[in-house]
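So you can see what is in the structure, the chains are spelled out below.
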Amino acid sequence: MTKTPKVTLVTSASMPGLFSDEGGLPDALAERGMDPQIAVWNDPSVDWDKAGLCVLRSVSDYATQRQEFVTWAQSVPRLLNNADIVEWNTDKHYLKDMEELGLPVIPTTWLEPSHGFSKHQVHSRFPALGDFVVKPAVSSGVRDIGRYTAIDTLQRQAALAQTIDLLNEGRSVMLQRYLEDIDVHGEISLVFFNGLLSHAVEKRAVLHPSSVTDPSMHEAVVTARPADAESWQWGEQIRQVLHKYMRARLGRDELLLYNRVDLVPDGEGSFRVMEVSATDADLYLSATPEALNNFADAISTRAFW
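Residues numbered from 1 in each chain as written. Predicted model: local features only at pLDDT ≥ 70, side-chain atom pairs only at ≥ 80, totals over all residues. Heavy atoms only, no water.

J.: When you look at the overall build of the protein chain in this model, what are you seeing that I'm missing?
T.: A count of helical and extended segments in the protein chain gives nine helices and 14 strands. Here the C-alpha atoms of the protein chain give a radius of gyration of 20 Å, agreeing with the 19 Å that 2.2 N^0.38 yields for 305 residues. Out of the 305 residues belonging to the protein chain, those deemed buried represent 55%. Put simply, 70% of the contacts in the protein chain that link residues at least 6 apart link residues at least 24 apart. Accessible surface, the protein chain: about 13600 Å² in total, of which carbon and sulfur atoms supply 50%. Both charge centroids of the protein chain, one from 28 positive and one from 42 negative side chains, sit 4 Å from each other. (Helix = DSSP H or I, 4+ residues; strand = E, 2+ residues; numbered from the N terminus. Rg over C-alpha atoms; globule rule 2.2 N^0.38 Å. Buried < 20%, exposed > 50% of the residue type's maximum accessible area, 1.4 Å probe, protein only. Contact = heavy atoms within 4.5 Å. Areas by Shrake-Rupley, 256 points an atom, 1.4 Å probe, with all protein chains shown as cover. Lys, Arg positive; Asp, Glu negative; His and termini not counted. Charge placed at Lys NZ, Arg CZ, Asp CG, Glu CD.)

See below:
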């Protein structure tokens, strides 16, 4: 008789029921012969040695306690995605690695707290024209991200205040020009399960000038669509770079249970990558009729491996 594998969906105390569109996931896993449960990652009462296959889901509070989260991830016997990939992916410096391997990313100026920047030095790194974005290198979703207009004095002052506050908190800061293509074309998220492209969603811009996103804010899906030929082409290019990096980092290739890639079309037939999320990615399981079942099938494949 085949043993019923236990699967623990890992979440945070602020989202005990997972993402809003993942409520049906436990039932979908049970229908496939698994024993699902939900647990909070930093709940001291949970015995992770007996938790079976642990799947990271809505752990969006990791950004406020990243080192504790990474240490916890390394202690879990069966965690997807891999704890070493989680450590890498929870700090957006990973975009440097992707860029070095040839992936087109959004140009970024990195400000490190160890450099002791003065206000003048920070201000001099803001662009002179257009809109720009200030974001911490360790953050979840669209939280703590500010968009500002370079020629507006009050907005530059607000951007300076946000940047200095982040640096004083010991957080690395990313300065990026705001790409107008986002307003024209929106953002596209490609969602992969076990290395295969499952679905794509198009999202409207969520950043507005002179604003910092609310801590509870989530990205908004406008439309969902099957992954078309262009998405497949981009997805394959991204997948190759990602796996090339993992082979170099781990000494072997690693099949990710899931990952989401956020990108913006550049208007010239290509794209720029905004983020690669393999930790707390909202997978938009309600975006298409088959998305939740695709994810449940992917988990089933790994649970019965």
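J.: Just to check I follow, could you spell out helix α6 (residues 153-168) for this structure?
T.: Every α-helix winds through 3.6 residues per turn, so residues three or four apart in the chain are directed the same way. In this model α6 runs 22 Å from its N-terminal to its C-terminal C-alpha over 16 residues, within 8% of the 22 Å that 1.5 Å per residue would give. All buried positions along α6 are accounted for by Q155, R156, A159, L160, Q162, T163, I164, L166 and L167. With a side-chain oxygen positioned 3.0 Å from the backbone nitrogen of L154, the residue opening α6 is D152. G170 lies just past α6 and shows a positive phi near 80°. (Expected span 1.5 Å × (residues − 1). Polar contact = N/O pair within 3.5 Å; in protein donor to acceptor, adjacent residues only side chain to side chain.)

J.: Where do I start with the pattern of salt bridges in this structure?
T.: Close approach of charged atoms allows side chains of opposite charge to pair. Taken as a whole and assessed by the stated rule, the structure comprises 12 salt bridges. Between E22 and R57 there is a salt bridge; the shortest N-O distance is 2.7 Å. In this pair, E22 sits in the loop between β1 (6-11) and α1 (25-31) while R57 sits in the loop between β3 (53-56) and α2 (66-75), placing the two residues 35 residues apart along the sequence. Taken as a pair, E22 and R57 share a single burial class, namely buried. (Salt bridge = Lys/Arg side-chain N within 4 Å of Asp/Glu carboxyl O.)

Note that every value here comes from positions in space, so none of it alone points to a role or purpose.
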